[in-house]
Amino acid sequence: MKEHAQTAVGVNATRVGARSRLLGRVQFAADMRMDGAVTVKALRSDRHHALIVDLDTSAAEKEPGCLAVFTFKDIPGRNRLGIINKDQRLLAEEKVRCVGDPIALVVGETPDAAEAALGKIRIRYQDLPAVFDPEEALRPGAPQIHEEGNLLIRKVVKRGNPEGAFQQADLIVERVYTTPHVEHAYIEPDAGLAYIDGDGTVVVYASTQNPHYDQKDVASLLDLDEDHVRVIQTATGGGFGSKLDMNVQGFVALAAYLLGRPARMVYSREEAFVATAKRHPLKITYKSGAMSDGRLIAADVRIVGDTGAYASYGMAVATRAAVHATGPYEVPNIFIESTFAYTNNPMAGAMRGFGVPQLAFAHESQMDILAGELGLSPLEIRMRNALRIGSTTPTGQQLTASVGIGKCLRAIAPYYEESLRHDQDACSAFSRRGRGLGAMMYGIGNTGMQNPSTAQIELSREGRITLFTGAADIGQGSCTVLRQLAAEVLRLPPERIEMVAADTQRTTSAGATSASRQTYISGNAVLDAAAQLADVLLSEAALIMKVDRNDLVLEDGVVVSRADPEKSVSFERIAKRAHRTGIPLKWDGYFDPETVPLDPETGAGKPYATYAFACHMVEVEVDTSSGEVRVLHVAAAHDVGKAINPDSIRGQINSGVAMGIGFALMEEYHPGATESMKDYHIPTCADVPEVAAIIVEDPEPSGPFGAKGVGEPALIPTAPAIANAIADALGVRTFDLPANLERVLRASTTAKPC
Amino acid sequence: MKSQFTYIRSESLEQALDFLARNGPETSLLAGGTDLMIAIRNGEMFSRYVLDISRLPEARVIQLSEGRLQIGAAATFTEIIRSSVVQASAPVLVSACKCIGSTQIRNAGTLGGNVANASPAADGIPPLVVHRARALLRTASTERLVPVEELVTGPYRTSIQPGEVLIHFLLEPVSATYRHSFQRVARRRALAIARMSVAAIASLGTDGIVTDLRLSPGSVTPAPCRMTAAENHLLGKRPDSELIREAAEMVSLEMIRQSGIRHSTEYKKPAVEGLVVKALTELFQE
C-alpha cells in the first residue's frame, strides 16, 4: 500500500455551521433570549475631554421599569480593562477622555424603560483642553490624557548604516503619507448576554474574538476567580480586530452579577460606531534610497500614530508597523521609528493588518515613484528587490524557507502584461485608465512574543471524535480548517469530527483570533493533539489485532492492516478497550511559534516564525470630471504556504479586496461627525469587480501541512495597488487616503494630457 | 428614543382628507417610509399621528391622461422604472429612479415621498423639473396644481400645507425624438446619496439646431430650478464642444450665484461642469 493522498486538507470542506446559517437557525448574541432578562444601556460622554463634576442618577432610578443605575462605584473589582495596557475604565471615574466614553449603566426591565431612564441622568462636566493630533499631543504643555503622559510607545528598528547608504544612493525619494480613522463596520454590531449559573458562575455569551481574554478582564472587574467566569463566543458576524477589545462583555457581566438576573446588551450601529475601536490613522514620512539599477539600499521611515484615548492594541500596531515598514523587499540599511501617542480621539485598536495596510500604502507608493524616476517597470523594480531565501529582514532575521513573494510577482506578471495591452482605450474625454501593483509581507502571529495555542482531541467510548479549540471562529473559517487538519491526521471525513470551540469552560486558550495566526498556530496545536491520538489508536490496534504496528494505518474510522486490508479494528472497539485498561483518550496539543523578542534598542530579533506574501494588480478607470474611480479588474496572488481549504482562501481574498477598495477610495471616519452607515461608505457589490484569486503555495516547513495564514494579507495589497493605478492613470499621485472624489478630482486637474 | 405616535391607514382618499381636515397639523404622511422610518427611529418625528397613504388608489396611478403623464405620489421607484408609459414619455425619470438607493429602497420608496422630503440630493426632482411637472395637492375642500419648483422651496422645505395630500404629478410627456441624459456622482456605485446630479432633455431640428433644451441639476442650488442661461446659450444653435463647455460654466456660475462660495465649491464647481458637459455631450452626440 502506498502513502495516503491527502483527502481532508487541500479540499473545499463545507463550512462548520454553514447549514444552520443558511437556514437562519444560528443564534447570534442579539438573538439570544432568556426568561427575566433585563436590558443594559450605557450613558456615554458627548465631551472629548472633561471632568465629571456631578452625576445625578436619582431621577433615572425613579423612572418606571428602571432597575438600577450603576457607576464605577458599583464595580466590585478593578475598574481597568485593556489587552496590553490596562488604561480603559469600564465606567468613567473622575473624567472622560473621548466622546463615547461610558459613564453609567442603566438597567431596565425593557429596552424602552432603559432608554427612558438613560435620558433622565443628569451630568455636569467641566471641559478640559483637548488634543486631536498625536504630534501636538507629544509637545510640552499638551493636555495630559493619562497620568503617565501622552506617549504610548516609541519603537525603533535599525540596521546597517542608513546615513552612509543615503550618501551613496543614486536616487532618494522622500514623501509623506497619511491614512484616516477607519471603522471596522462588521455586519453584526456588538452584543452579549450574561447570567448567573446554578453554581454561581457568571456566564457571558458574547460576539468576541478572544473569549479567554474576556474571561480574565471580567473576573478582574468582578473580583472573582477566573473559574467563576465563563465566556462563550456566540456565532459572530465579523470582527476585523474590534471584537478583540471588551465591548459589551463587562457591562452585561456587571449587571447580571449585581442584580442576579440575566442581562442583555445590543449595540445599535451608531453605538458600535462611537464606542468601539478604529484603525489607527498614521502619518508616515518615508525616505528611500536606491541605486540606478533599482536596488534599494536604504530606508528611513518615521511613523506617527494616533491611538486615541486608550491604547487597546496600539503598542502591537506600532511595533508591527515598524517591523513591516520595508515591505517584501530586502533593504540593508534602515532606520525606522514608530511613535504612537494618546489623543482625545476615539480609541484606535486592532484592525485587519495591524498597521501594515497603512505602511504598504507608503512603501508601495515609494516603489512606483522610484521605478518611474529610474525608468523601470513597477514589476521589474519589485522583482529586483523581492525577498528570497537567505534574505535578511529589517530585524536581522534571515529567511530560510517559504518566501513566496517572487512566486506571487510571477503569478501576477501575465495579468500585468495583459493589462498593458488595454492601453488603446486608456484615455477618453472624461476618463483615464491605469494599472497598479501592490505587494506585501505579513508576519504570522504576535510580534516577538510567546503566543501559544492549545487544543484537545477526545475519542469517546462510542468511537466518536471531538475537537476542542479555544479559537473564536468569527466568520473566517478557523473551525472548518482546524477540523480538516484533525481529519487529515485521523483519516476521517471532517464532518465526522464534532467541534467544541471558544468556550472558556470547555476549551483551553488558543490565543486571540488575530494576527492571521489561527491556521498556523492553532492548526499546529490541533495536529499535535491529533498525532498523539493517532499514535494511541495504532498502538492499541496492534495489541488487539496482534500485528506489527508498522503494518497499520488509519482509514475512515478504523485501523487497517496494509498487508491485509481485510483485517481492521474500529475506533469504537479501540475506545472501549482503552477505557477498560485506563489509557487516556483525550490528548492535549500545544504549539508556540519560534520567535525571538525584539531588542529594545535596535529592534533586532525574530518577530515571527513565518511570513505570508502577496501581490495584487488592479486596473482602474478614473473619471477626470468627477473624481470617481472604478476598479475594473483585480488579480490577487497570495502565498499561503498550503491551502487547507482553497474556497475559504478565495473567500478571504475576495473579502480582503473589497475591504481594500473601501480603504483606498471611500472609507473615512471623522471623529465627532461620522455617525453610522448613512455617512460612512463601505463598498457594495457594485463597487467590487470580479477578483482573480490566485493561490500560491510555497510550503512553510513549520506550518500544518505547510500552511501559513491569509486573513489579514488578503486586504493589505489592494489599496496600494489602487493608489498606484490612479497615479498611473493621471500621472499625479495622491498621498492621502482615501482617494475620495475631492482628492482625485483635484489630482485630475493637473493630470498628464492624453 | 423612538418617536411615539398613532398609526392610521385610511381606506379611501376621502377618509384620509377627512382625517387631515381635523388633525392635519399633528399628522405626518407615510408613503414608502424610507425617510420617515429613519426619523422615527432617531426620535426626530414629532407628529401625534402617522397617516399611511401608500395604498390609496388615487396616489398609485401611472397613466397618460389628457396629454399629461400622471404619476401617483405613492408610486414606487420600481413601479416607475417598470412602467412602459414612463419609459416612453419620460425616460429621464426612469434613468434617475434607477440610481436611487438599492432594490429594497426602490421597492418601497415613492416619487411623492422623494419630493415631499425635499432633500437637495433627491434624484426624482430634476427629472420632474425638466418635464415641467406640476403636483396636485388636495385637502378635503381645496385642490391646487403647483409646479415642482414652487413646491420645493428649499432644503427639506416645501409649500405643502398641513392637511394637504400630494396626490400625483402631471408631467409633460416628450416624444420619441427627444433625447435625454441623467448624470450623477456619488461616493460609491449603489446605496449612495448623490453628491450632485443633472437631468437634461433636448430636441434637435433636422438641421441639428437645438429646438428645445431643459436642464436641471440636483444638490447644486438651494431649491430646484432650470438652468435657463445655459439652456438659452445652446437654443437655436448647433452644439459643439466649445458651446457645451461655455454652457457648463454658466451652470457653475449660477450655482455660485445662488449658493455662494463654500468649502465644497473647490470640488463642486469643476464637478458640476463635468456633469453638465457629460449630459450635453450625451444629448447631442450623433
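These numbers were taken from a predicted model, which means no experiment stands behind them.

Reading the values: rules and limits
Residues numbered from 1 in each chain as written. Chains lettered and ligands numbered in written order. Predicted model: local features only at pLDDT ≥ 70, side-chain atom pairs only at ≥ 80, totals over all residues. Helix = DSSP H or I, 4+ residues; strand = E, 2+ residues; numbered from the N terminus. Rg over C-alpha atoms; globule rule 2.2 N^0.38 Å. Buried ≥ 20, exposed ≤ 12 C-beta atoms within 10 Å, placed from the backbone. Contact = placed C-beta atoms within 7 Å. Pairing = 2+ DSSP bridges. Axes fitted to C-alpha atoms, helices over the stretch in contact; angles between N-to-C directions. Core = buried A, V, L, I, M, F, W, Y, C linked by C-beta atoms within 7 Å. Parallel < 35°, antiparallel > 145°, perpendicular 65-115°, else oblique. Left-handed = near helix turned anticlockwise from the far one by under 90°. Nonpolar A, V, L, I, M, F, W, Y, C, P; charged D, E, K, R; others polar.

Take the overall build of chain A next. A tally of helices and strands in chain A yields 18 helices and 28 strands. For chain A, whose C-alpha radius of gyration is 27 Å, the value lies close to the compact-globule estimate of 27 Å for 754 residues. Here the C-alpha coordinates of chain A stretch approximately 80 × 80 × 50 Å along the principal axes. Each of the 754 residues in chain A was classed as buried or not, and the buried ones make up 59%. Considering only intrachain contacts with a sequence separation of at least 6, the fraction spanning at least 24 residues in chain A is 79%.

What follows is about the sheet that holds strand E12 (residues 196-204) of chain B. Residues and elements named next belong to chain B. Strand order in the open sheet made by the three strands is E11-E12-E13, with antiparallel pairing throughout. Each end of this open sheet is capped by a strand with a single partner; those strands are strand E11 (179-185) and strand E13 (210-218). Direction aside, the axes of adjacent strands within the sheet are offset by 10 degrees on average. Note: E11 against E12, seven bridges, orientation antiparallel. Residue pairing in the sheet places His180 in a bridge with Ile201 of E12.

Take the pairing of strand E2 (residues 50-56) of chain A next. All names here are of chain A. Pairing of E2 with strand E4 (residues 95-96) involves two bridges; the strand directions are antiparallel. Among the inter-strand pairings, Ala50 is bridged to a residue of E4, identified as Val96. Bridge count for E2 against strand E6 (residues 122-127) is six bridges, and the pairing is antiparallel. Among the inter-strand pairings, Ala50 is bridged to a residue of E6, identified as Asp127.

It is worth spelling out the nonpolar core at this point. In terms of nonpolar packing, the biggest core is built from 331 residues, with Val252, Ile722 and Ile726 of chain A touching the most fellow members. If we ignore the near neighbours within four places in the chain, the residues touching Ile722 of chain A are Gly436, Val618, Val620, Val631, Ile661, Ala664 and Leu665 of chain A.

Another point: the packing of helix H18 (residues 741-749) of chain A against helix H12 (residues 265-284) of chain B. Where H18 of chain A meets H12 of chain B, the closest approach of the two axes is 10 Å, and the angle between their N-to-C directions is 65 degrees. Taken together, the axes of H18 of chain A and H12 of chain B are roughly perpendicular relative to one another. Both H18 of chain A and H12 of chain B take part in a crossing whose hand is left-handed. In this structure, H18 of chain A uses Leu741, Glu742, Leu745 and Thr749 of chain A to contact H12 of chain B, whose residues at the interface are Tyr267, Pro270 and Ala271 of chain B. Tallied by class, residues from the contact of H18 of chain A with H12 of chain B come to five nonpolar, one polar and one charged.

Let's shift gears to the pairing of strand E1 (residues 38-44) of chain A. Residues and elements named next belong to chain A. Most of E1 sits out of view: six of its seven residues are buried. Pairing geometry for E1 and strand E13 (residues 263-266), over two bridges, is parallel. Opposite Thr39, over in E13, you have Arg264 as the bridge partner. As paired strands, E1 and strand E5 (residues 102-108) are joined by six bridges and run antiparallel to one another.

To continue, consider unusual backbone geometry. Excluding glycine, residues mostly carry a negative phi; peptide bonds, for their part, are mostly trans. Cis geometry marks the peptide bond from Leu737 of chain A to Pro738 of chain A, where omega comes out at -5 degrees. For Pro738 of chain A, the position within the fold is in the loop between helix H17 (718-730) and H18. One non-glycine residue, Ala185 of chain A, lies in positive phi territory at about 55 degrees. Following the sequence through the fold, Ala185 of chain A ends up in the loop between strand E9 (182-183) and strand E10 (191-196). A count of 21 C-beta atoms within 10 Å places Ala185 of chain A in the buried class. The phi dihedral of Leu191 of chain B falls on the positive side, at around 55 degrees, and the residue is not glycine. Turning to its location among the elements, Leu191 of chain B is positioned in the loop between E11 and E12.

Our next topic: the interface of chain A and chain B. Opposite the 18 residues of chain A that make contact, chain B presents 16 residues. Broken down by secondary-structure element, the contributors of at least two residues to the side of chain A that touches chain B are helix H3 (111-118) and H18 of chain A. In terms of residues, the side of chain A that touches chain B owes the most to one element, H18 of chain A, which gives four residues. Residues belonging to the side of chain A that touches chain B are distributed by class as follows: seven nonpolar, seven polar and four charged.

Here we take up the sheet that holds strand E15 (residues 282-290) of chain A. Residues and elements named next belong to chain A. Strands sit in the order E7-E17-E16-E15-E8 across an open sheet of five strands; the sheet is mixed. Strand pairing shows two members of the sheet lacking a second neighbour, strand E7 (151-159) and strand E8 (171-178), which therefore form its edges. Averaged over all pairs of adjacent strands, the angle between their axes in this sheet comes to 5 degrees, without regard to strand direction. One ladder, built from eight bridges, connects E7 with strand E17 (residues 333-342); its direction is antiparallel. Directly across from Val156, in E17, lies its bridge partner Glu337. Across the sheet, helix H9 (residues 314-323) lies against E7, E15, strand E16 (296-308) and E17, angled at about 20 degrees from E7, the strand it touches most.

As a further point, take the packing of helix H13 (residues 478-490) of chain A against helix H14 (residues 518-545) of chain A. Residues and elements named next belong to chain A. Running from N to C, H13 and H14 point in directions that differ by 30 degrees, and their axes come no closer than 9 Å. Classified by the interaxial angle, the pair formed by H13 and H14 is roughly parallel. In this structure, H13 meets H14 at a crossing whose hand is right-handed. Contact residues: H13 offers Ser478, Val481, Leu482, Leu485, Ala486, Val489 and Leu490, while H14 offers Gln518, Thr519, Ser522, Gly523, Val526, Leu527, Ala530, Ala531, Leu533 and Ala534.

Attention shifts here to the environment of Lys73 of chain A. Among the secondary structure elements, Lys73 of chain A is positioned in the loop between strand E3 (66-70) and E4. With 311 residues separating them along the chain, Lys73 of chain A and Arg384 of chain A place their C-alpha atoms 61 Å apart.

Worth remembering: the numbers are spatial, not functional.
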